[in-house]
Amino acid sequence: MPKAYVYTRHGGPETEAFAELDRPVPGPGELLIAVRAAGVNPVDWKLRGGFRRPGEGEARFPVVLGSEAAGVVEAIGEGVTGFAVGDEVFGNTSGGAFAEYALLAASVTAHKPASLSFAEAATLPVAGATAYDGVRQLDLPEGATLLVTGAGGGVGAAVLQIAHARGLRVVGVASEAKKDLVESLGALHVASGPGLAERVRAVVPGGVDGVYDLVGGEVLAEAAGLLADRTKLITAGAAPDAVAALGGARVARARTAAVLDEVAELVVAGELDPHVSRTFPLDRADEALRAVEEGHALGKIVIEVGI
């Protein structure tokens, strides 16, 4: 039976396990793929811990971990058009990604350009598209200054590049260990930690025009204080109520195949490097998730399957 990496109840890493599950059957609007790569994201361990996305029901255990994948179409559900068995695709999963087979929602699935590896494509549905949606939502004019917190992770690295390609001046907040990465992506580096606002003002005395937060908590609150216009404060790292209290908003996710096509084209054009820093085989999925959960990963972590 196909192998998958799951969590069996809400909690910490102790709830995770490898399991053998029936091969999924695509329902209406779905594609079944043989997974070649799956991106690892902070939301994966947050969901394991009990976080639920807006509109999601209660978890039905065991739950396969992972939210984005790339692979080869094996079967097509009712009502799906534009795809054929054998197509190389990437998209958002309907029921987990850390597995040999996964279901993708056809509405949020795109054809993989031939020049992209499966590992690169697997970083785009969550990290790449979240970065793209947020930069577009802020809609800052060329030459404006954007502050990005949590700039050294998968989403942060993509935000830095997309914003830089749009002609923005970008300031990336990250640990000293991630300084070289932040600066290599065209941003000014500011060290994370207490006293953030003071360090940002020292780097950009004229202030910032927008904030893209990927951390939440005290970091979000301190970054918000740097803005004159709080409508230019967005977060993918805090709950809606927390950011609304500061005058900002959550990143509005488009969740469309068209956005995935656009993000992939940025990679093809050389404007976005998915920056896959490490890959793990499926049988080391636990190590891959720990690398992201502990916050030390540079760029993007990917699980490769059947390669």
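The rules behind these values
- Residue numbers run consecutively from 1 along every chain, following the written order of its sequence.
- Restriction of local features to residues with pLDDT of at least 70 applies here, the model being predicted, together with a cutoff of 80 or more for giving and counting side-chain atom pairs; totals for whole chains, interfaces and linings are based on all residues.
- For the side-chain quantities, the full set of heavy atoms in the structure was used; hydrogens and water were omitted.
- Where helices and strands are cited, they refer to DSSP runs of H or I of at least four residues and of E of at least two residues respectively, numbered from the N terminus.
- Radius of gyration: C-alpha atoms only; globule rule: 2.2 Å multiplied by the number of residues to the exponent 0.38.
- By the convention used here, residues are in contact when the closest approach between their heavy atoms is within 4.5 Å.
- Method for areas: the Shrake-Rupley scheme with a 1.4 Å probe, in which residue coverage is limited to the protein chains shown.
- Charge counting treats Lys and Arg as positive and Asp and Glu as negative, with His and both chain ends excluded.
- Think of each charge as sitting on NZ of Lys, CZ of Arg, CG of Asp or CD of Glu.
- Only strands that DSSP links by at least two bridges are regarded as paired with each other.
- By nonpolar core we mean a set of buried residues, namely Ala, Val, Leu, Ile, Met, Phe, Trp, Tyr and Cys, connected to one another through side-chain atoms within 4.5 Å.
- When accessible area is computed with a 1.4 Å probe and restricted to protein chains, residues below 20% of their type maximum are described as buried, those above 50% as exposed, and intermediate ones as partly exposed.
- Handedness of a crossover is defined as follows: orient the strands so they point away from the viewer, and if the path from the first strand over the helix to the second runs clockwise, the crossover is right-handed.
- The rule is short: rings of Phe, Tyr and Trp, with Trp giving its six-membered ring, pair when the centres are within 6.5 Å, and they are stacked under 30 degrees, edge-to-face over 60, tilted in between.
- We call a charge positioned above a ring when the Lys NZ or Arg CZ atom is no farther than 6 Å from the ring centre and deviates by at most 35 degrees from the ring normal.
- Salt bridges are identified by distance alone: a Lys or Arg side-chain nitrogen within 4 Å of an Asp or Glu carboxyl oxygen.
- Axis definition: a line fit to C-alpha positions, over the contact stretch in the case of helices; interaxial angles, taken between N-to-C directions, run 0 to 180 degrees.

Asks: How do you make sense of the overall build of the protein chain when you look at a structure like this?
Replies: Helix and strand counts for the protein chain come out as 10 helices and 15 strands. Relative to the 2.2 N^0.38 estimate, which gives 19 Å for 307 residues, the radius of gyration of the protein chain is 19 Å and therefore close to what a compact globule would have. Viewed in the frame of its principal axes, the protein chain has a C-alpha envelope of about 60 × 40 × 35 Å. Here the contacts in the protein chain between residues at least 6 apart in sequence split such that 64% fall between residues at least 24 apart. Only carbon and sulfur atoms are counted for the fraction: they give 51% of the accessible area of the protein chain, which is about 12800 Å². Computing the positive centroid from 26 side-chain charges and the negative centroid from 39, the protein chain places the two 3 Å apart.

Asks: Before we go on, may I ask you to explain the sheet that holds strand β11 (residues 210-213) in this structure?
Replies: Strand pairing in a sheet takes place through backbone hydrogen bonds and is either antiparallel or parallel in direction. Across the sheet, which stays open at both edges, the six strands sit in the order β10-β9-β8-β11-β12-β13 with parallel pairing between neighbours. Strands with a single pairing partner mark the edges of an open sheet, and in this sheet they are β10 (188-191) and β13 (249-250). Relative to β13, strand β12 (residues 233-235) runs parallel, the two being bridged by two bridges. In the strand pairing of β13, Ile-234 is matched with Ala-249.

Asks: What is the right way to read the nonpolar core from this model?
Replies: One broad trend across soluble globular proteins is that nonpolar side chains are buried collectively. Of all hydrophobic cores here, the largest spans 48 residues; its most connected members are Leu-146 and Tyr-212. Residues Val-80, Ala-106, Ala-285 and Ala-291 belong to the second largest nonpolar core, which totals 33 residues.

Asks: How should the pairing of strand β9 (residues 169-174) be read in this particular structure?
Replies: Within a regular beta strand, the side chains point alternately toward one face of the sheet and then the other, so they alternate between its two faces. Counting buried positions along β9 gives five out of six residues, so the element sits mostly inside the fold. The pairing of β9 with β10 spans four bridges and is parallel. Each residue of the ladder has a partner; that of Val-173, found in β10, is Val-190. The β-α-β motif built from β9, the intervening helix α5 (residues 179-184) and the parallel element β10 has right-handed crossover chirality.

Asks: How should the packing of aromatic side chains be read in this particular structure?
Replies: Taken as a whole and assessed by the stated rule, the structure comprises two aromatic pairs. Ring plane angle 50 degrees and centroid distance 4.5 Å describe the contact between Tyr-5 and Phe-18, whose orientation is recorded as tilted. With Tyr-5 in strand β1 (residues 3-7) and Phe-18 in strand β2 (residues 16-20), this residue pair connects regions lying 13 residues apart in the sequence. For Phe-18, a relative accessible area of 37% puts it in the partly exposed group. Centre to centre, the rings of Tyr-7 and Phe-61 are 6.0 Å apart; their planes meet at 70 degrees, and the pair counts as edge-to-face. With Tyr-7 in strand β1 and Phe-61 in the loop between α1 (42-48) and β4 (63-64), this residue pair connects regions lying 54 residues apart in the sequence. Relative accessible area serves as the criterion here: at 37%, Phe-61 is assigned to the partly exposed category. Above the face of the Trp-45 ring, Lys-46 is positioned so that its terminal group lies 5.8 Å from the ring centre. Over the ring of Phe-118 we find Lys-112; its NZ or CZ atom is 4.8 Å from the centre of that ring.

Asks: Help me understand the pattern of salt bridges, please; the structure alone is not making it clear to me.
Replies: When the charged atoms of two side chains lie near each other, side chains of opposite charge can form a pair. Taken as a whole and judged by the stated rule, the model has 12 salt bridges. The partner of Arg-253 in a salt bridge is Asp-133, and the shortest N-O contact between them spans 2.8 Å. Here Asp-133 lies in helix α3 (residues 124-138) and Arg-253 lies in the loop between β13 and α9 (257-268), a separation of 120 residues in the sequence. Classification of Arg-253 by relative accessible area gives partly exposed; the value is 22%. Note on Asp-133: relative accessible area 3%, which makes it buried.

Asks: Sorry, what's going on with the sheet that holds β4 here?
Replies: Strand order in the open sheet formed by three strands is β2-β1-β4, and the pairing between neighbours is antiparallel. The open sheet has two edge strands with one neighbour each: β2 and β4. Summarising the sheet, β1 and β2 pair through five bridges and their orientation is antiparallel. Pairing of Ala-4 across the sheet is with Ala-19, part of β2. Sitting on the sheet, helix α10 (residues 285-293) is in contact with β1 and β2, with an inclination near 145 degrees to β2.

Asks: Would you mind showing me how to read the environment of Val-203 here?
Replies: With respect to the secondary-structure elements, Val-203 resides in helix α6 (residues 196-203). Put simply, Val-203 and Leu-188 are 15 residues apart on the chain and 8.0 Å apart in space, counted from C-alpha to C-alpha. Every residue in contact with Val-203, bar those within four places of it in the chain, is listed here: Arg-169, Leu-188 and Val-190.

Asks: What exactly am I supposed to notice about the side chain of Arg-290 here?
Replies: By the secondary structure assignment, Arg-290 is in helix α10. Arg-290 gets classed as buried once you look at its relative accessible area, which sits at 18%. Sequence-distant contacts of Arg-290, defined by excluding residues within four places in its chain, comprise Pro-13, Glu-16 and Arg-48.

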